[in-house]
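The lines below spell out each chain.
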Amino acid sequence: MRIKPHLISRSSSHILCYIFLIVCSASAALAENTIIFYRDGALLQQEAGAVKGVIVIPISAGLLEHSLTIIPSPGTTILGVETENSASDRSSDKGLDALAEQRRRLEDRLLALETREAIFTSAAKAQSGKPPRKTKANPDPMLAIRQGTNFAIAQLEAVYTARRTTTQEIRNIDMRLATAKKNRRPPEISLRIAVTPARGRVTLRYATAERGWQSQYNLYLAGNGSAQLQLFARLTGSGHGRQVRVSSGSLAESSRVETFPVHADNVLLASYRMPMAEEHYTGGIFNHFYGKITNSSPNYLPPGDSRLFQNGVYLGKFRFEGFSSGRSTVISLGE
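This is a predicted model, so every value here is computed, not measured.

What counts as what
- Residues numbered from 1 in each chain as written.
- Predicted model: local features only at pLDDT ≥ 70, side-chain atom pairs only at ≥ 80, totals over all residues.
- Heavy atoms only, no water.
- Core = buried A, V, L, I, M, F, W, Y, C linked by side-chain atoms within 4.5 Å.
- Buried < 20%, exposed > 50% of the residue type's maximum accessible area, 1.4 Å probe, protein only.
- Helix = DSSP H or I, 4+ residues; strand = E, 2+ residues; numbered from the N terminus.
- Contact = heavy atoms within 4.5 Å.
- Salt bridge = Lys/Arg side-chain N within 4 Å of Asp/Glu carboxyl O.

So, about the nonpolar core. Membership of the largest hydrophobic core comes to 44 residues, with the highest contact counts inside it found for Leu219, Val246 and Leu301. When residues in this core are grouped by element, the largest group, 6 residues, is from strand E12 (residues 266-282). The contact partners of Leu301, leaving out residues within four places of it in the chain, are Tyr217, Leu229, Leu231, Tyr272, Met274, Asn295, Phe320, Gly322 and Phe323.

Structure below.
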C-alpha cells in the first residue's frame with residue numbers, strides 16, 4: 001500500500017499544531033501560578049477552575065489580612081466566597097501540652113532542690129562550727145561532728161547530682177518542644193468560591209508573611225576610594241510548583257520595584273558602585289580590613305553575610321549590616 005506524500009505532510013502539520021497548542025496552554029497556566037518573594041513577605045498568584053460551579057482551593061498559611069483578591073476570568077461571575085479553617089492536629093496539641101507540663105514539674109523540682117541545698121548547707125556549717133563537748137552520751141564529740149558534717153555534705157552532693165540531672169532533662173524537653181513546634185503544621189485555610197458558569201475560572205492573589213530569601217553580598221575593593229557591592233538573594237522558600245521570582249523591595253513597593261526570575265539558589269539582584277573611605281588593609285598570614293562604606297544607591301540594603309575581595313582575591317567573610325540610602329556603615333574583617 002502506498003501512502004500519498006501530501007497526506008503525510010498534512011497529518012504532520014496537524015500534529016505540530018496540536019503540540020504547539022499544548023505548549024502554549026501549559027505556558028499560559030504556568031504564567032498564572034507565580035510567587036514573588038519580597039524583602040518582608042511573599043505575593044502569590046494562582047489560577048483555579050470550578051467544578052459544578054464551585055472552587056475549593058487551599059491557600060498558604062500566614063495570609064496577611066486584607067491582601068486577598070479574587071479576579072474572575074472573562075465570562076465568569078463570582079457568586080460567593082467562604083473561608084474554611086481545618087481543625088488543628090489535636091494529638092500534636094496534647095503532646096505539646098504534656099511536654100510543657102513535664103517541664104513545669106521539673107522546674108518545681110529545681111525549686112525544691114534549692115530549698116534542700118539551703119537546708120543542708122546550713123547544717124554542714126552548723127556541724128563544722130560546733131565546739132567539741134565530751135559527755136556521757138557523747139564520749140567522742142569529734143566523731144559525731146565529723147559524721148554530721150559528712151552526712152550534710154553527702155546530702156548536698158545528692159542535691160547537686162539531682163539538679164544537674166533535672167537541668168539536663170529540661171534542656172532535652174526544650175529541644176523536643178522546639179522540634180515539635182517547628183514540625184507542627186498550622187491549620188490549613190481553604191476558600192470555597194461559588195461561580196457561574198459551572199466551569200468558570202478565577203485568579204487568586206494574596207500576600208503572606210513568608211520570607212523566601214536571605215541577603216548575601218560580594219564586596220570588591222577597588223583601592224581608589226570606591227568599591228563594587230553585589231547583592232544576591234539566597235533562596236530559602238519553596239515555590240510549591242509555581243514560577244518563582246524575587247525582589248529586593250518590600251510588599252508595599254511591589255508596584256514599582258523590579259523582580260527577577262529564579263534559576264538557581266542565588267540570584268543577583270543588583271550591583272552598586274559605592275564610596276569607600278578610611279580604608280585600612282593588612283595582609284600576610286591573617287587578613288585585616290577596616291573601612292567605611294556609604295550607601296549611594298536609592299535603596300535600603302538589608303543585612304546579610306558578605307564575601308570580601310581585593311583584586312579578585314578572596315579575603316574572607318564578614319557580617320554586612322543593613323543601612324538606608326545615604327547612610328554609612330563600618331566594615332571590619334579580622335578586627
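This brings us to unusual backbone geometry. Outside of glycine, negative phi angles account for most residues, and trans bonds account for most peptide bonds. A cis amide bond links Thr196 to the next residue, Pro197, at an omega of 5°. You can see Pro197 is positioned in the loop between strand E6 (189-196) and strand E7 (201-208). Phi is positive for His66, close to 65°, though the residue is something other than glycine. On the secondary structure map, His66 appears in the loop between strand E3 (54-59) and strand E4 (69-72). The phi torsion at Asn311 lies on the positive side, around 55°, for a residue other than glycine.

Moving on, we come to the pattern of salt bridges. As enumerated under the stated definition, the model contains 9 salt bridges in all. One salt bridge connects Arg104 with Glu101, and the closest N-O pair in it is separated by 2.9 Å. Taken together, the residues span about one helical turn, with Arg104 and Glu101 both in helix H2 (residues 90-128) at a distance of 3 residues. Overall, the relative accessible area of 32% leaves Glu101 in the partly exposed class. Residue Glu107 pairs with Arg103 through a salt bridge whose shortest N-O separation is 2.1 Å. With Glu107 and Arg103 both in helix H2, this residue pair falls 4 residues apart, about one helical turn.

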